[in-house]
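Coordinate analysis (summary)
One-letter residues, chain by chain:
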Amino acid sequence: MWQKTYAWLDERLGLGDLYKNLLDRPEPHGNWWNTLGSASLFLFIIQVVTGIFLTVYYTPSPDHAYDSIQYIMNEVAFGWLIRGIHHWAASLMVLVVFVHMLRVFYTASYKYPRELTWLVGIGLLLLTIGMGFTGYLLPWHQMAYWATTVGTQIAGSVPFAGEFILQALRGGPDLSALTLQRFFSAHIWMLPALLALLVGVHLYLIIKHGESHFPDKED
Amino acid sequence: MNEETKKQINQKYERKLEHGERFWPDSIFKDVIVALGIFLVLILLATFVGVHDAPKADPSDTSYVPRPEWYFLFLFKFLALYGQIPVVGKIEWLATVLIPGIFMGLLTLLPFIDGSPRRYYAKRTMPIGIMSIMVLGIVLLTFLADVPTVLADGSSLLGTLQTIAGIVIPVIAYALFIFYAYKTKENAVRLTIITALISGVLMIVFTGAALALHQPPAVETAEVPHTLADQIVAGQELYSLYCVECHGDDGATTVIEGVQGLEGLEIMAINGKDVLYTLNDASLVEVINYGRPDAGMNPFGKAYNPEGLTRSQMDYIVTFMRYIWDDRFEAPEIKPLFPELAEGEVPSYEVHIQPIVKRYCISCHRPGKDSNEYYMDTYANILNSGENAGKNVIAGDMNSYLLQTIQGTPILDASGAEIIGVMPPNGSLKPDVVDALVRWIMAGMPETEAEADALSAPTPAP
Ligand code: HEM
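A short tour of the structure in this document, coming up. Position labels on residues start from 1 in each chain and follow its written sequence. Written order decides the labels, with chains lettered from A and ligands numbered from 1. Local features in this predicted model are restricted to residues of pLDDT 70 or higher, and side-chain atom pairs are both shown and tallied only at a pLDDT of 80 or more, whereas totals for entire chains, interfaces and linings draw on every residue. Side-chain metrics rest on all non-hydrogen atoms present in the structure, leaving aside hydrogens and water.

**Some remarks on the packing of helix α8 (residues 162-170) of chain A against helix α9 (residues 177-209) of chain A**
All names here are of chain A. One can describe the packing of α8 onto α9 by two numbers: an axis separation of 7 Å at closest approach and a directional angle of 80°. One element, α8, and the other, α9, form an angle in the roughly perpendicular class. Taking contact as the criterion, the partners of Gln-167, Ala-168, Leu-169 and Arg-170 in α8 are, on α9, Leu-178, Thr-179, Arg-182 and Phe-183. Polar here means any residue other than Ala, Val, Leu, Ile, Met, Phe, Trp, Tyr, Cys and Pro, which are nonpolar, and Asp, Glu, Lys and Arg, which are charged; Gly is therefore polar. Of the residues that constitute the contact of α8 with α9, the class distribution is four nonpolar, two polar and two charged. Only the stretch in contact is used when a helix axis is fitted, and all axes are lines through C-alpha atoms; the angle between N-to-C directions ranges over 0 to 180 degrees. A run of DSSP states H or I qualifies as a helix once it reaches four residues; a run of E qualifies as a strand once it reaches two. Both are numbered from the N-terminal end. We call two directions roughly parallel when the angle between them is under 35 degrees, roughly antiparallel when it is over 145, roughly perpendicular when it lies between 65 and 115, and oblique otherwise. In what follows, a contact means two residues having at least one pair of non-hydrogen atoms within 4.5 Å.

Listed below in structure tokens is the structure:
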């Protein structure tokens, strides 16, 4: 029965080919440093899942954001766990992505033919940091509010374009309901969508070129 | 890179693949173990460390010291140190835009800048040296995040140490790396490694010195009340401090007494339906924030009153008013103000009197308020301050002014004119509160629980 179902599905989906092309690939001898990329991916998935749960209760308005977080922490069943994981995984993701970048740097895996993988990776690093920056404001507490005030100020110190950047980030001269709305939208739609897209490209390139080997004396 | 090198690279890779492993199951196995480990760590962190709390955002409280996420701390520190440098330190965008921009640009274009096919570590000492110093710098600056650059006494020793560790040494090391790469062809590798190690050690030493010289101030972390009951209690404490003088401990005051400038002003009770049913939470917060300046209530928002209340604090007061006074809300179980006194038990300052005074008296009896300079903020002040210090609280004497006034007897001078009115002026205390104060003074005002226990009549054996 099971074999029949499998055969039927395989005919239509090409499961066997998928297995051959995605999973049953040869690789050079790896070690634990090679797990950092997949760890970044795992953390990204965790963030997506816990983040989706959080949006069920979170309200992006200055009047309710703080209280909705309090509600998640104190009233919603396991809300504290979901938020706790989202909070810590965010920090960990920045760390893991950064260390992954370092390992790629030290093993010189960014060289031919993997230059584009590196370039896309830089995009991923920046997006990950952007997720951290936009997410930090959402609880709308003192720390978040003032850190974001200073953060956007720094972005506003760019010569000539600074004023424009500042206004674009804040949606006005000061932090306001508009800023929160903007950061929320960036945090749950724009940045994750871009991130998912780039992760896709990144993974395609990795499968295409295969994992690089650790350099030896001849390299 | 020419076609020949590319072919060599690809052939080498093919050979490595032949002696390698399979993605499934070899690599996946490790990936899954790491993922499980991460998941476990996350659950432990979420459960046992939790999420650090902060009070609600308050745009008017500009005194708040911002603290970004930890992975931005090094940037903040870098900006602070950079600002110390004479002349260029004043050109902000050099540090905020240009320098980070250059580094990000170099990092992005790395595969094109470093286009050589060499991959072995010893053949890449310069980029590895630069990156290692960079990463070490980032880590050290993160550790230094809380060390000030200029001390209160104007000394900039700490700032200098930090600038040396975080900016000067790396810059010198980088200059040397570049010099070696172009001038000392044959020894470059050895020199680069030695320089990197020495710079790294020096950076750590200077950072350590700055950390060792810095005495962190005792940080007082504001507890954020979580449960509804905690928020109500927090609200009541704030109400007791800021509002009792005019509105009374139960909000029922209709004639203000004992407040300079507002003596005899008629107001409406704020604990009834008139106020609580007509004003929603947001409007109540607004009343507290902006006050009723024309009617005599000063604003409490931080924007108008530097010693005022934050947004969270106003929210707690409103929560308190709702749950304690508004009959549409049912309050959760709340601990009584002080534990009930048994027959013959003597109350102590710590356990009984301090909460009573905080609730009923401190609003008027604290520095800055006009109440005969009788400050009830500490044990010593309760015993010994005020214009009539010495008469207010006398051990074992029912004629202590405090005991007379709280029992409805004003103090008169020789000619029969009232010098001290009844206390609190805008209402009377509940019998159990009066009883506690009477027992405390009659027994000699014990401060600690142990002293009070020693004075208590022994509990009859059961
Ligand atoms: C959301 C962030 C990222 C995810 C999910 C991700 C995912 C992955 C995965 C699964 C791999 C293969 C396994 C491994 O070698 O660890 C990989 C390899 C690679 N990544 Fe990333 N990565 C991210 C960020 C970055 C960054 C910031 C860079 C560098 C700027 C980068 C550059 C590379 C390169 C060059 C490879 C190929 C390594 C090799 O073939 O040895 N990635 N990435």
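**Looking at the coordination of the iron atom of the ligand**
Residue and element names in this part refer to chain A. Donor atoms: N, O and S within 2.8 Å of the metal, or within 3.2 Å for Na, K and Ca. Because water is excluded, sites can look incomplete. For the iron atom of the ligand, the full set of protein donor atoms is His-100 (NE2) and His-202 (NE2), at a range of 2.0 to 2.2 Å. One can describe the donor arrangement at the iron atom of the ligand as octahedral, given that its six donor atoms subtend angles of 84 to 178° at the metal. Residue His-100 is found in helix α5 (residues 79-106), and its partner His-202 is found in helix α9; the two are separated by 102 residues along the sequence. Tetrahedral means four donors with every angle between 85 and 135 degrees, whereas square planar (four donors) and octahedral (six donors) require angles over 155 degrees between opposite donors and between 65 and 115 for all others; sites fitting neither are termed irregular.

**With respect to a nonpolar patch on the surface**
Residue and element names in this part refer to chain B. Without a salt bridge and with relative accessible area above 30%, a residue can belong to a patch; like charges are then joined within 9 Å and nonpolar side chains (Val, Leu, Ile, Met, Phe, Trp, Tyr) within 5 Å. For the area figures, the Shrake-Rupley method with a 1.4 Å probe applies, and any residue is considered shielded solely by the protein chains shown. Throughout this description, the term salt bridge denotes a Lys or Arg side-chain nitrogen within 4 Å of a carboxyl oxygen of Asp or Glu. A contiguous nonpolar patch, built from Val-88, Ile-91, Trp-93, Leu-98, Ile-102, Phe-103, Leu-106, Leu-109, Phe-112 and Ile-113 and spanning about 880 Å² of accessible area, is present on the exposed surface. Those elements giving two or more residues to the nonpolar patch turn out to be α4 (92-108) and α5 (110-113). In terms of residues, the nonpolar patch owes the most to one element, α4, which gives five residues. Structurally, the position occupied by Leu-98 is in helix α4.

**With respect to the interface of chain B and chain A**
Taken together, the 78 residues of chain B in the interface contact 82 residues of chain A. We note a salt bridge from Lys12(B) to Asp219(A), for which the minimum N-O separation is 3.1 Å. Whenever two N or O atoms come within 3.5 Å, that pair is a polar contact, provided that in protein one can donate a hydrogen and the other can accept it, and provided that, for residues adjacent in sequence, both atoms are side-chain atoms. Linking chain B with chain A are 38 residue pairs in polar contact (both at pLDDT 80 or more). Sorting elements by how many residues they give to the side of chain B that touches chain A places helix α2 (residues 23-49) of chain B first, with 17 residues.

**Details of the nonpolar core**
Here the nonpolar core consists of buried residues drawn from Ala, Val, Leu, Ile, Met, Phe, Trp, Tyr and Cys, with membership extended through side-chain atoms lying within 4.5 Å. Type-normalised accessible area, obtained with a 1.4 Å probe on protein chains alone, sets the label of each residue: buried when under 20%, exposed when over 50%, and partly exposed for intermediate values. One finds Leu43(A), Phe105(A), Trp118(A), Leu195(A), Leu42(B) and Met131(B) to be the most contacted residues of the largest nonpolar core, which totals 35 residues. For this core, the elements supplying multiple residues, two or more each, are α3 (36-57), α5, α6 (115-137) and α9 of chain A together with α2 and α6 (125-143) of chain B. Among the elements that make up this core, the one with the highest residue count is α5(A) (ten residues). Those residues in contact with Leu195(A), other than ones at most four positions away along the chain, are Phe44(A), Met93(A), Leu124(A), Leu127(A), Thr128(A) and Met131(A). Of all hydrophobic cores here, the second largest spans 26 residues; its members include Ile353(B), Ile356(B), Val357(B) and Met376(B).

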